[in-house]
Amino acid sequence: MTRHLLSAGDLDHAEALTVLDTAAELRALADRPIKKLPTLRGRTVVNLFFEDSTRTRISFEAAAKRLSADVITFSAKGSSVSKGESLKDTALTLQAMGADAVVVRHESSGAPHRLAASGWVDGSVVNAGDGTHEHPTQALLDAFTLRRHLAAGTGDLDGRRVTIVGDVLHSRVARSNALLLSTLGAEVTMVAPPTLLPVGIDSWPVSTSYDLDASLAKCDAVMMLRVQRERGADGGFFPSAREYSRRYGIDARRMALLPDHAVVLHPGPMNRGVEISAEVADSERSVIVEQVRNGVAVRMAVLYLLLSGASEPTPEASPALAPESEQ
Amino acid sequence: MVRAHSTERVVLDDRDVARALTRIAHEILERNRGSDDLVLLGIPRRGVPLARRIAARIAQVEGTEVPVGSLDVTMYRDDLRLRPARALEHTDLPSCGVEGRVVVLVDDVLFSGRTVRSALDALHDLGRPRAVRLAVLVDRGHRELPVRADFVGKNLPTSLVESVRVSVAEVDGSDAVSIAGAAAAGRAVTGATEGAGSAGATGRAR
């Protein structure tokens, strides 16, 4: 794996499968009496959150702690950032503290890339969501969840049809999923009002549609995106929340259009009654709570793969990934 | 990889391996006075099929099924930072767990003892066995930790520049134990002078 995880597009097919396979083994840890592994003992993971987040921050924190890393959580509120400190100065502070990995969430697209490319920090940078750009670990946990339900938990998603619905324009989850799911062989369809499809979507590895009902009937999974009001998604992109909900929200009637095996995903937090009705969110089809659980396993896998190995094989180490290469 | 193969010397063939496993099964039963409370845990990859075969032999002798599982020790290794991150193997505990049981760890080669140390740590996180024993097909010496096997298929004195390769039918297609490296190469013209870690992708290097 590369040293940083900035985009879901950084992962090729084999690397993506390595993350998912590792996560599958780590998921079993949650069932054990001692939910902890000593693997990252003595290493420091800094969660650098410039933007509000509940599940991603908690998920990364749980993942790092279960691998025995020391976790420092930094949120912009209540820090010197509110006094006007720049990203660079914050990064240099973290560097002075010896962070081995920096998990960064930022409201500006490209902030993690800046952090990784600038040389301000030596550690690995993990993108935990940047602006409207990418959220690769969310895509990994979505792929992991899909694989469990659609591919018996192994291999890739070859030929599976995934429909992603809603505010594609503002969604970093949609971007990362488009890249990762197509790497894994899935056929992705984006369904949204024309105003909420970004310019240049024709260059994405996806097809697009404005007709939700027609897409639902032939998909294996549907992923509802949150209408991102904090990014201005209700400011003139559609006439009213009620109309949006009628045309692009999923309710019991639409859920009945899905094939029997299909599942419903949502990256959270949900706007119940807008893009998803409470009935659907709480139904058996919904794997939303499972997504959260899988998120910890996937983030453990990412931290393990980024942090545990030497970046260069040492002279006496065998070149292959062979786990049995030393007794 | 090619060189290592070309200078390989087979020290145990499939029948030798079968005999060694049968003897280990009997020794385990003798030591434990039967199969009560036994749990066999193989260390991936080649320890797992070996554990299953020992369990099958115990079933033949005693007529009882001994629970078998696998224990991946990757996350507990002490050399994780020395080499690229490795994929994890499967950990699969029998439903009875390890609490209060006599756990026999099964591996193919005992060398530095570091894998066994990792396995003991992994086991510690899973419960508290009444006793832990160690069964290996080959003990090649050169311990770096105070670890000793309870049941050994074959003691194989080696030099550090040699590598021991165990093939198991379930993984490699056939059963065999062979040595490659300087000693074997001494008789060949092209001496393999590489040290540890050169035995190729399928083998136990070092």
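Residues numbered from 1 in each chain as written. Chains lettered and ligands numbered in written order. Predicted model: local features only at pLDDT ≥ 70, side-chain atom pairs only at ≥ 80, totals over all residues.

### Description of the sheet that holds strand β9 (residues 263-265) of chain A
All names here are of chain A. The 5 strands lie next to each other as β7-β6-β5-β8-β9, forming an open sheet whose pairing is parallel. The open sheet has two edge strands, β7 (207-209) and β9, and neither has a second partner. Going across the sheet, the axis of each strand differs from the next one's by a mean of 25 degrees, ignoring polarity. (Pairing = 2+ DSSP bridges. Helix = DSSP H or I, 4+ residues; strand = E, 2+ residues; numbered from the N terminus. Axes fitted to C-alpha atoms, helices over the stretch in contact; angles between N-to-C directions.)

### Structural notes on the nonpolar core
Counting residues in each nonpolar core, the largest one holds 149 residues, and the members touching the most others are A:Val102, A:Val222, A:Leu303, B:Leu40 and B:Ile54. At 12 residues, the largest contribution of residues to this core is made by helix α11 (residues 288-307) of chain A. When residues of this core are assigned to domains, at least three fall in each of domain 1 (8-134 + 291-307) and domain 2 (136-287) of chain A. Setting aside anything within four residues of it in sequence, one finds A:Val222 in contact with A:Thr163, A:Val165, A:Leu216, A:Ile250, A:Leu258, A:Ala262 and A:Val264. (Core = buried A, V, L, I, M, F, W, Y, C linked by C-beta atoms within 7 Å. Buried ≥ 20, exposed ≤ 12 C-beta atoms within 10 Å, placed from the backbone. Domains from an automatic or database assignment. Contact = placed C-beta atoms within 7 Å.)

### Side note on the sheet that holds strand β5 (residues 131-139) of chain B
Paired through backbone hydrogen bonds, the strands of a sheet run either parallel or antiparallel to each other. Residue and element names in this part refer to chain B. One open sheet holds the 5 strands; their spatial order is β3-β2-β4-β5-β6, and the pairing between them is parallel. Both edges of this open sheet fall to β3 (68-70) and β6 (151-155), since each of them pairs with a single strand only. If you compare each strand with its neighbour and ignore which way they point, the axes differ by 25 degrees on average. Judged from the 4 bridges that link them, β5 and β6 form a sheet pairing that is parallel.

### Topic: the pairing of strand β3 (residues 101-106) of chain A
All names here are of chain A. Most of β3 is tucked away: 6 of the 6 residues are buried. Residues of β3 alternate between two faces, with Ala101, Val103 and Arg105 on one and Val102, Val104 and His106 on the opposite face, all of them buried. Of the pairings in the sheet, the one linking strand β1 (residues 44-49) to β3 comprises 5 bridges and is parallel in character. The residue of β3 that forms the bridge with Val45 is Ala101.

### Some points on helix α2 (residues 55-66) of chain A
All names here are of chain A. Here α2 is 12 residues long and its end C-alpha atoms lie 16 Å apart, about the 16 Å a rise of 1.5 Å per residue gives. The complete set of buried residues in α2 reads Thr56, Ser59, Phe60, Ala63, Ala64 and Arg66. An end-on view of α2 places all buried positions within 165 degrees of arc, on one side of the element. Of the residues trailing α2, Ser68 is marked for its positive phi of about 70 degrees. (Expected span 1.5 Å × (residues − 1). Arc of directions from axis to C-beta.)

### Examining the environment of B:Gly100
Residue and element names in this part refer to chain B. Here Gly100 lies in the loop between β3 and β4 (102-110). Look at Gly100 and you get exposed, because 12 C-beta atoms sit within 10 Å. C-alpha separation for the pair Gly100 and Phe151, spaced 51 residues apart in sequence, amounts to 21 Å.

### Remarks on the domain arrangement of chain A
Residues and elements named next belong to chain A. For chain A, the assigned domains read domain 1 (8-134 + 291-307) and domain 2 (136-287). Centre-to-centre separation of domain 1 and domain 2, based on C-alpha positions: 25 Å. Facing 26 residues of domain 1, the contacting portion of domain 2 comprises 25 residues. Every element with two or more residues in the side of domain 1 that touches domain 2 is listed here: α1 (13-27), β4 (124-130) and α11. Of the residues forming the side of domain 1 that touches domain 2, the biggest block, 7 residues, is contributed by α1.

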